Amino acid sequence: MTWVTGAADSPYGVHNLPYGVFVEGGRAPRIGVRIGDAVLDLDGAEAAGLVLAGGALRQPSLNAFMALGRGQWTTVRRRIVELLTAEEHRAAVAPLLRPLDEVELVLPFAVGDYVDFYSSEHHAANVGQIFRPGQPPLLPNWRHLPVGYHGRAGTVVVSGTPIVRPTGQRATPEGPVVGPSTRLDIEAEVGFVVGVPSPLGQRVGVADLATYVFGVVLVNDWSARDIQAWEYQPLGPFLGKSFATSISPWVVPLEALEHAWVPAPAQDPPVLEYLRDVPHRGLDLRLAVDWNGHRVSEPPFASMYWTPAQQLAHLTVNGAALRTGDLYASGTVSGPRRDQTGSFLELTWGGAEPVRLPDGSTRTFLADGDTVTISGTAPGPDGALVGLGEVTGTIVPARPV
Ligand code: CA
């Protein structure tokens with residue numbers, strides 16, 4: 001039981017302990033760990049000798065710490081639990097706590113490469129039906145490999161960053177035009193953050209997820225459907241995606257999710273050997289999408305067809321190296337029901353069935369001034385919840401061309 005006031009029954013108790021980077025009073029960014037509604041200053045804790053990580057916690061990002069590997073992650077986590085639960089440490093540790101609402105949370109790690117998958121069968125089938133009606137909803141490769149693409153790491157931003165409506169080319173009956181996107185959408189996803197690098201030319205196997213992956217974040221892969229639809233053939237997503245990708249400020253360590261593993265959906269046909277993960281398991285993360293404060297969807301991550309271990313194995317099967325800070329996102333999380341879809345493309349069925357918000361207005365895609373917040377929880381020990389935090393963003397008008 002933690003001595004931090006209000007934290008014992010919180011989804012951010014000592015069973016969670018997500019890491020982030022915060023700024024206060026114009027000082028340099030510092031690594032912290034969330035406990036209840038407070039942040040424990042880990043930079044200060046390492047400076048005081050309360051926790052030892054070879055200086056890795058005295059950095060402006062999580063990268064050096066994430067590069068240390070599983071053994072050190074576990075040691076530091078155990079020590080933090082000790083500091084926050086044993087009464088004997090209270091006098092030394094309490095002065096290092098900051099109320100959450102008094103700090104600014106910044107991007108928690110320097111993003112290496114960014115990959116985005118497409119691993120929800122419900123999402124892929126919905127998109128197939130919307131864009132290719134009358135044809136098989138899934139393309140022939142979909143059940144054989146986790147389809148993905150390389151996104152733009154430099155435009156991954158922290159939750160709360162305003163999202164400028166992207167401008168680009170879209171097709172009209174009169175020919176292509178350039179202008180602000182008129183079909184701006186979200187994609188609710190889960191991102192996996194790589195801690196330990198791998199050498200070029202070497203594969204990472206399906207059994208090695210916990211060796212390489214440090215933790216998870218929530219992701220909103222903002223998507224301009226009109227720009228995407230015109231540009232994507234034959235090479236895939238480009239400017240319709242690369243203008244911004246938002247992530248939650250807290251990286252939840254994989255260790256905090258040990259109670260969230262569940263069997264993943266059966267795969268048929270059987271996958272190739274390098275993708276055969278035993279156990280074949282996913283994470284029971286429950287997402288929620290709020291549009292201007294109104295809950296419109298609750299996507300279930302447990303329904304994903306391809307697992308994070310399979311995604312990692314596929315991402316490196318060609319010998320591509322992993323770097324600390326690499327981020328790979330799951331792809332839009334959609335369950336079987338309409339109120340479980342992770343994009344407004346699906347929620348409004350291609351814009352044909354608008355959503356009514358409590359203020360009486362209707363929406364198909366995002367209007368300027370709209371705010372979308374994706375949040376999530378996971379099952380923890382003894383019925384507790386693990387809070388995944390939230391990723392939020394507000395749309396601001398396009399800049400003139
Ligand atoms: Ca996506």
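One can find the structure itself at the top, above this paragraph.
To start, this report covers the structure provided alongside it. (Residues numbered from 1 in each chain as written. Predicted model: local features only at pLDDT ≥ 70, side-chain atom pairs only at ≥ 80, totals over all residues. Heavy atoms only, no water.)

### Remarks on the nonpolar core
Move 1: The biggest cluster of nonpolar side chains holds 94 residues, and the ones touching the most others in it are Leu257 and Tyr328.
Move 2: If you tally residues by element for this core, the top one is strand β14 (residues 213-220), at six residues.
Move 3: Those residues within four positions of leucine 257 in sequence are excluded, and the remaining contacts are Val216, Val252, Leu283, Leu285, Ala378, Val386 and Leu388.
Move 4: Formed by eight residues, the second largest nonpolar core is a distinct cluster that contains Ala124, Ala125, Leu275 and Tyr305. (Core = buried A, V, L, I, M, F, W, Y, C linked by side-chain atoms within 4.5 Å. Buried < 20%, exposed > 50% of the residue type's maximum accessible area, 1.4 Å probe, protein only. Helix = DSSP H or I, 4+ residues; strand = E, 2+ residues; numbered from the N terminus. Contact = heavy atoms within 4.5 Å.)

### Notes on the coordination of the calcium ion
Move 1: Within the protein, the atoms that donate to the calcium ion are Asp116 (OD), Glu187 (OE), Glu189 (OE) and Asp221 (OD), at distances of 2.2 to 2.3 Å.
Move 2: The motif formed by the donor residues of the calcium ion, counted along the single chain, is D-x70-E-x1-E-x31-D. With aspartate 116 in strand β6 (residues 114-117) and glutamate 189 in strand β13 (residues 188-194), this residue pair connects regions lying 73 residues apart in the sequence. Side by side, aspartate 116 and glutamate 189 carry an identical accessibility label, which is buried. (Donors = N, O, S within 2.8 Å, 3.2 Å for Na, K, Ca; no water.)

### Points about unusual backbone geometry
Move 1: Here the amide bond leading from glutamine 233 into proline 234 is cis, since omega sits at 0°, within 30 degrees of zero.
Move 2: In this fold, proline 234 is placed in the loop between α7 (225-231) and β16 (245-247).
Move 3: In this structure, the amide linkage connecting valine 278 to the following residue, proline 279, adopts the cis form with an omega of -5°.
Move 4: Structurally, proline 279 is set in the loop between β18 (261-263) and β19 (281-283).
Move 5: Phi is positive for tryptophan 349, which is not a glycine, with a value near 45°.
Move 6: Following the sequence through the fold, tryptophan 349 ends up in the loop between α9 (344-347) and β23 (355-356).

### Concerning the layout of surface pockets
Move 1: Approximately 750 Å³ is the volume attributed to the largest pocket.
Move 2: Taken together, 33 residues line the largest pocket, and the ones lying closest to its centre are Tyr118, Val127, Gln228, Tyr232 and Pro237.
Move 3: Within the residue set of the lining of the largest pocket, elements represented by two or more residues are β6, α5 (121-131), β7 (148-150) and α7.
Move 4: The leading source of residues in the lining of the largest pocket is α5, at five residues.
Move 5: Each pocket or cavity is described by its volume, and for the second largest pocket that value is around 310 Å³.
Move 6: Lining the second largest pocket are 16 residues, and of these Ala207, Leu209, Ala210, Trp261 and Arg281 lie nearest its centre.
Move 7: Residue assignment for the lining of the second largest pocket shows that the elements contributing at least two residues are α6 (209-212) and α8 (308-316).
Move 8: Of the residues assigned to the lining of the second largest pocket, the class counts are 10 nonpolar, one polar and five charged. (1 Å grid on protein atoms, 1.4 Å probe; cavity = no way out; pocket = protein on both sides within 12 Å on 5 of 7 lines; lining within 4 Å. Points joined across faces, edges and corners; volume = space filled by probe spheres on them. Nonpolar A, V, L, I, M, F, W, Y, C, P; charged D, E, K, R; others polar.)

### Section: the pattern of salt bridges
Move 1: Counted according to the given criterion, the structure contains 23 salt bridges.
Move 2: Ionic pairing is found between arginine 143 and glutamate 121, a salt bridge with its closest N-O pair at 2.5 Å. Placement of the pair is arginine 143 in the loop between α5 and β7 and glutamate 121 in helix α5, with a sequence separation of 22 residues.
Move 3: Under the relative-accessibility criterion, glutamate 121 is labelled partly exposed at 23%.
Move 4: For arginine 225, the salt bridge is made with aspartate 185, and the minimal N-O distance between the two is 2.8 Å. Remark: aspartate 185 occurs in strand β12 (residues 184-185) and arginine 225 occurs in helix α7; sequence separation between them is 40 residues.
Move 5: Residue arginine 225 is classed as buried on the basis of its relative accessible area, which comes to 4%. (Salt bridge = Lys/Arg side-chain N within 4 Å of Asp/Glu carboxyl O.)

### Quick look at the side chain of glutamate 24
Move 1: Among the secondary structure elements, glutamate 24 is positioned in the loop between β1 (19-23) and β2 (30-35).
Move 2: Those residues in contact with glutamate 24 that sit more than four places away from it in its chain are Arg98, Glu102 and Val103.

### Re the packing of aromatic side chains
Move 1: Evaluation of the coordinates by the stated rule reveals 10 aromatic pairs.
Move 2: Plain terms: the ring middles of tyrosine 19 and phenylalanine 214 are 5.6 Å apart, the flat faces sit at 45° to each other, and that makes the pair tilted. Taken together, the residues span a long stretch of sequence, with tyrosine 19 in strand β1 and phenylalanine 214 in strand β14 at a distance of 195 residues. Of the two residues, tyrosine 19 and phenylalanine 214, both sit in the buried class.
Move 3: With centroids separated by 6.0 Å and ring planes inclined at 85°, the aromatic side chains of phenylalanine 117 and tyrosine 328 adopt a geometry described as edge-to-face. Taken as a pair, phenylalanine 117 in strand β6 and tyrosine 328 in strand β22 (residues 327-329) lie far apart in primary sequence, 211 residues in all.
Move 4: You can call phenylalanine 117 buried: its relative accessible area is 5%.
Move 5: A relative accessible area of 1% means that tyrosine 328 is categorised as buried. (Phe/Tyr/Trp six-rings, centres within 6.5 Å; stacked < 30°, edge-to-face > 60°.)

### Quick notes on the pairing of β2
Move 1: Judged by how many residues are buried, β2 sits mostly within the fold: six of six residues are covered.
Move 2: Neither face of β2 is exposed, since Arg30, Gly32 and Arg34 on one face and Ile31, Val33 and Ile35 on the opposite face are all buried.
Move 3: Hairpin connection between β1 and β2: a loop of six residues separates the two successive antiparallel strands, and glycine 25 in this loop has a positive phi of roughly 55°.
Move 4: Note: β2 against strand β3 (residues 38-41), four bridges, orientation antiparallel. Bridge assignment links isoleucine 35 to a residue of β3, and that residue is alanine 38. (Pairing = 2+ DSSP bridges.)

In short, shape yes, function no, at least from these values alone.
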